[in-house]
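# Overview (structure and organization)
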Amino acid sequence: MTVKFRVERDTLADAVTWVARALPNRPPVPVLAGLLIEADDNGTLHLSGFDYEVSAKVEVNAEVSDPGTALVSGRLLAEICRSLPGKPVDVVTDGTKVALTCGASRFTLLTMPVDEYPTLPAMPENTGMVAGDVLTEAVGQVTVAASRDETLPILTGVRLEIEGDTLTLMATDRYRLAMRTLTWRPSSPGASSIALVRARTLAEVAKALGSADEVSLALSTGGATELIGFTANGRRTTSLLVDGDYPKVRALFPESLLTHAVVETQSLIEAVRRVALVAERNTPVRLTFTDGLITLEAGQGEDAQASEAVESSLVGDELSIAFNPQYLLDGLGALSLPFTRLSFTQATKPAVITGQASADAEDDDDTYRYLIMPVRLAG
């Protein structure tokens, strides 16, 4: 059956690129490298990708002459679409080939067997709505702390906790813990759910859907297949949830913090970056907190050394503590407020990083908390 349609180049390139991101690098079966094209007689083009774990589907407007379905290499199609001139794209199937014409450019692709392509999972029932920009910020703040070690799949995920109109996201790699609490609109006022979602999937969702005014979150737990789905702007994606019991990380946040320092966020970030230039791999940056100053130091002995002082205020006892510089920068960079509060119980216990609106604010903003383990100093 012949499929024939015309679509704007930018519309096609954006849609194909987004779907192709979800395709596996090493597909277990060849058809999973394919991108499914469905053109209907209502003038809608449906583009889909699926790897048995993550699915992506987008709908765009097109001039459809002959409706039908075709399956082609997703990554190759994405590369071709990105290289096309800014003119309408005509796509026509002819037997086992797809011809793509744009201006003076013409490409021919081989098709894959559509009947071997798996059916995409159905979107679960809507659980609630969240503002796109809020979701993007929250995902960015917590995914920095997710593990990238695939041998511990539970820690590569972000834990979502839903309690009424409160949505909490948290992630940890055992060396730091990030937690963000936000307000959203649940479909049911008494909603209560827990889900563990791959951090990589969440990051892709936030990047693709974050520009929408609102993103629909759909969750299916307790059944044979546990899924999470996101929908916005004609795009939808689903992902299998990560299986396993997430560690009870909330208990890591100390109940009381005896000492805290407040410093301008950007000034501290720049100082850490400069001092860390001499820090050898896996060596820490030392921070000494005194009244009015934070002194940063890195390097020792015969190695290159650096030090810098940054103005700050201190409430509580003076102390010295050391951190992995990248972990420290990840936490500071995730803050959305101009000032940072670093809070401590003692130098050998985890520190808590939060933001605050001004240097003399009485309270910090605890909707985002980043806990970081110190590095034990020799001697």
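Everything that follows concerns the structure shown earlier in this document.
Residues numbered from 1 in each chain as written. Predicted model: local features only at pLDDT ≥ 70, side-chain atom pairs only at ≥ 80, totals over all residues. Heavy atoms only, no water.

### Thoughts on the overall build of the chain
Operational definition: Secondary structure counts use DSSP, requiring at least four H or I residues in a row for a helix and at least two E residues in a row for a strand, with both numbered from the N terminus. Classification of residues uses two cut-offs on accessible area relative to the type maximum, computed with a 1.4 Å probe and protein chains only: under 20% is buried, over 50% is exposed, and between them is partly exposed. Working rule for contacts: check all heavy atoms of both residues, and any pair within 4.5 Å makes them a contact. Computed by Shrake-Rupley with a 1.4 Å probe, the accessible areas treat only the displayed protein chains as cover when residues are assessed. When charges are counted, Lys and Arg are positive and Asp and Glu negative, with His and the chain ends excluded. Every charge is mapped onto a representative atom, which is NZ of Lys, CZ of Arg, CG of Asp or CD of Glu.
Assigned secondary structure in the chain consists of six helices and 27 strands. Taken along the three principal axes of its C-alpha coordinates, the chain extends 75 × 50 × 35 Å. The 379 residues of the chain split such that 50% are buried. Taking the contacts inside the chain whose residues are at least 6 apart along the sequence as the reference set, 65% of them involve residues at least 24 apart. Only carbon and sulfur atoms are counted for the fraction: they give 47% of the accessible area of the chain, which is about 18500 Å². Taking the 32 positively charged and 50 negatively charged side chains of the chain as two groups, their mean positions are separated by 6 Å.

### So, helix α2 (residues 74-83)
The line we're drawing: This arc is taken over the directions from the axis of the helix to the C-beta atoms. Each polar contact in these results corresponds to two N or O atoms within 3.5 Å; when the atoms are within protein, one needs to be able to donate a hydrogen and the other to accept it, and residues that are neighboring in sequence are counted only if both atoms are side-chain atoms.
Of the positions making up α2, those classed as buried are Gly74, Leu77, Ala78, Ile80 and Cys81. Buried residues of α2, seen end-on, are gathered within an arc of 165 degrees and therefore sit on one face of the element. Those residues of α2 hidden inside the fold are in contact with α1 (9-21), β2 (34-39), β6 (68-73), β8 (97-102) and β9 (105-110). The residue sitting at the N-terminus of α2 and contributing the capping side-chain oxygen is Ser73; that oxygen lies 3.5 Å from the backbone nitrogen of Leu76.

### Looking at the packing of α1 against α2
Note the threshold: Every axis corresponds to a line fitted to the C-alpha atoms, with the helix fit spanning only the stretch in contact, and the corresponding angles, defined between N-to-C directions, vary from 0 to 180 degrees. Between 65 and 115 degrees an angle is taken as roughly perpendicular, under 35 as roughly parallel, over 145 as roughly antiparallel, and anywhere else as oblique. Two helices that cross are described as forming a left-handed crossing if the nearer one is turned anticlockwise from the farther one by less than a right angle, and a right-handed crossing if clockwise. Three classes are used, and their members are as follows: Ala, Val, Leu, Ile, Met, Phe, Trp, Tyr, Cys and Pro are nonpolar, Asp, Glu, Lys and Arg are charged, and the others, Gly among them, are polar.
It is the contact of α1 with α2, at a shortest axis distance of 9 Å, that shows an interaxial angle of 150 degrees. Taken together, α1 and α2 sit at an angle that is classed as roughly antiparallel. The way α1 lies across α2 gives a crossing that is left-handed. Taken together, the residues of α2 that come into contact with α1 (itself represented by Arg9, Leu12, Ala13, Val16, Thr17 and Ala20) are Gly74, Arg75, Leu77, Ala78, Cys81, Arg82 and Ser83. A class-by-class count of the residues in the contact of α1 with α2 yields seven nonpolar, three polar and three charged.

### Some remarks on the sheet that holds strand β24 (residues 319-323)
Formally: Paired strands are those between which DSSP finds at least two bridges.
Here we have four strands laid out as an open sheet, ordered β22-β21-β20-β24, and antiparallel in their pairing. Among the strands making up the open sheet, the edge pair consists of β22 (306-311) and β24. The sheet shows a mean angle of 20 degrees between the axes of neighbouring strands, taken without regard to direction. Pairing between strand β20 (residues 285-290) and β24: five bridges, direction antiparallel. In the strand pairing of β24, Val285 is matched with Phe323. Packed on one face of the sheet, helix α5 (residues 265-276) meets β20, β21 (293-298) and β22 and runs near 175 degrees to β22.

### Details of the pairing of strand β26 (residues 351-356)
Counting buried positions along β26 yields six of six residues, so the element is predominantly enclosed. Across the two faces of β26 the burial is the same, with Ala351, Ile353 and Gly355 and Val352, Thr354 and Gln356 all buried. The pairing of strand β25 (residues 339-344) with β26 spans five bridges and is antiparallel. The partner of Ser343 across the bridge, within β26, is Val352. Relative to strand β27 (residues 365-372), β26 runs antiparallel, the two being bridged by four bridges. Counted as the bridge partner of Val352 is Leu371 from β27.

### Things to note about the packing of aromatic side chains
Quick note on the threshold: Pairing of aromatic rings covers Phe, Tyr and Trp, the last through its six-membered ring, and needs centres within 6.5 Å; plane angles under 30 degrees mean stacked, over 60 mean edge-to-face, and all others mean tilted. Both a distance and an angle decide whether a charge sits over a ring: NZ of Lys or CZ of Arg must be within 6 Å of the ring centre and within 35 degrees of the ring normal.
For the structure shown, the criterion picks out three aromatic pairs. Relative to Tyr52, the ring of Phe50 has its centre 5.8 Å away and its plane inclined at 70 degrees; by these criteria the two rings are edge-to-face. Lying over the aromatic face of Phe253, Arg369 brings its terminal NZ or CZ to 4.1 Å of the ring centre.

### Focus on the sheet that holds strand β11 (residues 157-163)
Taken in spatial order, the nine strands line up as β15-β11-β12-β13-β27-β26-β25-β19-β23 in an open sheet, and their pairing is antiparallel. Pairing within the sheet leaves two strands with one partner each, and these edge strands are β15 (192-198) and β23 (313-315). Neighbour-to-neighbour, the strand axes of this sheet turn through a mean angle of 20 degrees, independent of strand direction. Relative to β27, strand β13 (residues 176-183) runs antiparallel, the two being bridged by five bridges. Within β27, the residue paired with Ala178 across the bridge is Tyr370. Against the sheet, α5 touches β19 (259-264) and β25, its axis set at about 90 degrees to β19.

### With respect to the environment of Thr231
Residue position: Thr231 is located in strand β17 (residues 227-232). Overall, Thr231 belongs to the partly exposed group, its relative accessible area being 31%. Sequence separation of Thr231 and Leu296 is 65 residues, and the distance between their C-alpha atoms is 45 Å.

### A word on the nonpolar core
Short version of the rule: To define a nonpolar core, start from buried Ala, Val, Leu, Ile, Met, Phe, Trp, Tyr and Cys residues and group those joined through side-chain atoms within 4.5 Å.
One finds Leu47, Leu169, Phe289 and Leu296 to be the most contacted residues of the largest nonpolar core, which totals 113 residues. Tallying contributions element by element places α1 first for this core, with seven residues. If sequence neighbours within four positions are ignored, Leu296 has contacts with Leu268, Ala271, Val272, Val275, Val285, Arg286, Leu287, Ala306, Ser307, Glu308 and Val310.

### Re a negative patch on the surface
Inclusion rule: Patches in this entry comprise residues that are over 30% relatively accessible and not in a salt bridge; like charges within 9 Å are linked, as are nonpolar side chains (Val, Leu, Ile, Met, Phe, Trp, Tyr) within 5 Å. Any Lys or Arg side-chain nitrogen located within 4 Å of an Asp or Glu carboxyl oxygen qualifies as a salt bridge.
Side chains of Asp360, Glu362, Asp363 and Asp366 sit close together on the surface and give a patch of like negative charge. Following the sequence through the fold, Asp360 ends up in the loop between β26 and β27. The exposure class of Asp360 is exposed, given its relative accessible area of 67%.

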